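One-letter residues, chain by chain:
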Amino acid sequence: MSSCCNTQDGCSTTGQAEGDKIHDEVKEYYGKKVKSQKDLETKACLMMPSKIPSHVKQALSAVHPEVAARYYGCGLVVPECLEGARVLDLGSGTGHDCFALAKLVGEKGHVTGIDMTDEQLDVAREYVDYHRDKFGYSKPNTDFVKGYIEKLGEAGLEDNTFDIIVSNCVVNLSPDKAAVLREGYRVLKLGGELYFSDIYADRDVPEHIRKDKVMWGECLAGALWWEDLVTLAKEVGFCTPRLVSAGLVNLDDNKPMKDLVGDIKFVSVTYRLFKLPQNTSKEAAQVVYNGSVTGHEASLKFDAQYTFQEGDIVEVDPELSAILQESRFADDFTVRPASKKTKADPELCCPGAKGVLTNPFEGPLDKESSCCGPKGCC
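Owing to the predicted nature of the structure, the values given are computational and were not obtained by experimental measurement.

Peer 1: Could you clarify how one ought to interpret the packing of helix H7 (residues 177-187) against helix H10 (residues 226-236) in this entry?
Peer 2: Relative orientation and spacing of two packed helices are given, respectively, by the angle between their axes and the distance between those axes. Between H7 and H10, the least distance of the axes is 10 Å, while the angle of their chain directions is 40°. Compared by their axis directions, H7 and H10 come out oblique. The two elements H7 and H10 cross, and the hand of that crossing is right-handed. Each of Lys177, Ala178, Leu181, Arg182 and Tyr185 in H7 lies in contact with H10, whose residues at this interface are Leu229, Leu232, Ala233 and Val236.

Peer 1: Could you clarify how one ought to interpret helix H6 (residues 128-135) in this entry?
Peer 2: Think of an α-helix as turning once every 3.6 residues; residues three or four places apart then point the same way. Looking at H6, one finds that the buried residues are Val128, His131 and Phe135. Buried residues along H6 cover an arc of 70° about the axis, so they all sit on one side. Summarising the contacts, the buried residues of H6 are in contact with helix H4 (96-105), helix H5 (118-126) and strand S3 (142-146). Positioned one or two residues after H6, Gly136 has a phi angle of 75°, which is positive.

Peer 1: Whenever I open this one, unusual backbone geometry confuses me. Can you help?
Peer 2: Positive phi is not limited to glycine here, since Cys81 has a value of about 65°. Here Cys81 shows up in the loop between helix H3 (65-69) and strand S1 (86-90).

Peer 1: Quick question: what am I supposed to make of the confidence of the model for the chain here?
Peer 2: Where the model shows low pLDDT, its predicted coordinates should not be examined in detail. Scored by pLDDT, the chain comes out at a mean of 84, with 79% of its residues at no less than 70. Low pLDDT (under 50) marks residues 1-13, which in the prediction has 38 contacts with non-local residues, meaning those over four places away or in another chain. Counting contacts from residues 29-41, a segment whose pLDDT is below 50, to residues more than four positions away or on other chains yields 43 contacts.

Calculation rules
Residues numbered from 1 in each chain as written. Predicted model: local features only at pLDDT ≥ 70, side-chain atom pairs only at ≥ 80, totals over all residues. Heavy atoms only, no water. Axes fitted to C-alpha atoms, helices over the stretch in contact; angles between N-to-C directions. Helix = DSSP H or I, 4+ residues; strand = E, 2+ residues; numbered from the N terminus. Parallel < 35°, antiparallel > 145°, perpendicular 65-115°, else oblique. Left-handed = near helix turned anticlockwise from the far one by under 90°. Contact = heavy atoms within 4.5 Å. Buried < 20%, exposed > 50% of the residue type's maximum accessible area, 1.4 Å probe, protein only. Arc of directions from axis to C-beta. pLDDT = per-residue confidence, 0-100.

Next comes the structure, spelled out in structure tokens:
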């Protein structure tokens, strides 16, 4: 592992005083300075994918305008297969993603947001009943708690509670990323998922940038080198982070910041991390998607390597095989050993399981995934 996770840079363990200072500065930035999107100095925290499923668009459009105006996120943290799920949003802000997810999980699901900033929580709580009425629910299915994402236990969040954790451009604001991942792993159920967007760098971010308050608030000073995320996730117990999408952060509209970062490249990335039971068997397999995920009936983009067309036989890597069998997707796929192909089967869409793509700078930047969709692409 690089020096990022061994020293006082905010990756693993910072001094208590330094960590408190970062928390205070971030709270001041988002509680006092940034009142709407126009107050941000870069677009790093406003990046969104070009293609959004129609049912997700509908959920996003239902969010109250005041909440939407104070949305800051570097991606779309709406994973698939959400009905009835219990979801936790780390760094929920004014509740933009929580309220959209509240529509998608349905009245039987529930979304909890946690944030450390009073001003943001006040806005979120003000619109809980509005969204209950908007969605036609008999009672609210959202709640918001104050706390630090490194200390979920202190906020009353118990072990093995949530099916899914999301986070949108917030983990980079933490002075202790390892603690965030450990706590996320703890509160997830077995088979659960951490699905999050964040800013990463192509190298260690130097100390002079990490000491800049504005660069912290703009999600750049606290960005991890992407390789450190992979190492930390595995150390905590997660499967290998699976790259979903990535887009370069353009600083051309802010010359002082561009001059400050020099040759460092930053990228907005969505990863998905799964918590599987210990000693889960992992073998390459052939899988068939049955088209049962709402809004993704014809095809399901799982990550930057795999987009499953309904009915196609696809060979997947050992970890993905285990994920599809142990997670909430278990009923949506038929899984069989890779050696079980028969003469009656159609040709495999993508023969040969791949290694897991983790490097966002080598992945499909600003592009849709290229494997297994549309039919015949391989």
